[in-house]
Amino acid sequence: SSSRMMAFIVPMGEPARELASRLAVQLRSAGLSADVALDGRSVKAAMKAADRSQARFALLIGDVEIAAGTVVIKDLDSGEQTETALDSVVDTLSRH
């Protein structure tokens, strides 16, 4: 359905949280629904939450991604993961 959430953002570690929040704001202002796993649970638990959220994509951000300026986009339907530049995430998700 069109009410399906587009992105569930999973920050891995403290530095990623601020970035995740900023990314959520960017996605929402582009008209894409986004939520952030912000309660500091494990990545495994956060991925379960992403599945439960019925989101189309999980966006994974950790220290490696922050350093590289990228985000890992996991298609929760196919399980496929791709790495995308942080500043093109909105464009990439808009195409779906």
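Scroll up a little and you will see the structure.
The shown structure was predicted, so the numbers you read here are calculated from the model rather than taken from an experiment. (Residues numbered from 1 in each chain as written. Predicted model: local features only at pLDDT ≥ 70, side-chain atom pairs only at ≥ 80, totals over all residues. Heavy atoms only, no water.)

> How should the overall build of the chain be read in this particular structure?
In terms of helices and strands, the chain carries four helices and five strands. Helices and strands in the chain line up, N terminus first, as β-α-β-α-β-α-β-β-α. The C-alpha atoms of the chain give a radius of gyration of 12 Å, which matches the 12 Å a tight globule of 96 residues would have. Along the longest, intermediate and shortest principal axes, the C-alpha atoms of the chain span 35 × 25 × 25 Å. Counting across all 96 residues of the chain, residues that qualify as buried make up 42%. Counted over contacts in the chain with a minimum sequence separation of 6, partners at least 24 positions apart contribute 56%. When the accessible area of the chain is evaluated, it comes to approximately 5,300 Å², of which 49% is carbon and sulfur surface. (Helix = DSSP H or I, 4+ residues; strand = E, 2+ residues; numbered from the N terminus. Rg over C-alpha atoms; globule rule 2.2 N^0.38 Å. Buried < 20%, exposed > 50% of the residue type's maximum accessible area, 1.4 Å probe, protein only. Contact = heavy atoms within 4.5 Å. Areas by Shrake-Rupley, 256 points an atom, 1.4 Å probe, with all protein chains shown as cover.)

> Whenever I open this one, the environment of Leu-76 confuses me. Can you help?
Mapped onto the fold, Leu-76 is located in the loop between strand S4 (70–75) and strand S5 (81–85). Separated by 69 residues in the primary sequence, Leu-76 and Ala-7 place their C-alpha atoms 9.7 Å from one another.

> I keep staring at helix H1 (residues 14–29) and nothing clicks. Help me out?
Since the α-helix turns once every 3.6 residues, residues separated by three or four places project in the same direction. The end-to-end C-alpha separation of H1 is 24 Å, in line with the 22 Å expected for 16 residues at 1.5 Å each. By the burial criterion, the buried members of H1 are Ala-16, Leu-19, Ala-20, Leu-23, Ala-24 and Leu-27. The arc enclosing the buried residues of H1, seen along the axis, measures out at 150°, which places them on a common side. With respect to the buried face of H1, the exposed residues turned more than 90 degrees away are Glu-14, Glu-18, Val-25 and Ser-29. In the core, the buried residues of H1 are packed alongside strand S1 (7–11), strand S2 (34–36), strand S3 (57–61), helix H3 (63–68), S4 and helix H4 (89–94). After H1 finishes, the residue Gly-31 shows a positive phi value of roughly 85°. (Expected span 1.5 Å × (residues − 1). Arc of directions from axis to C-beta.)

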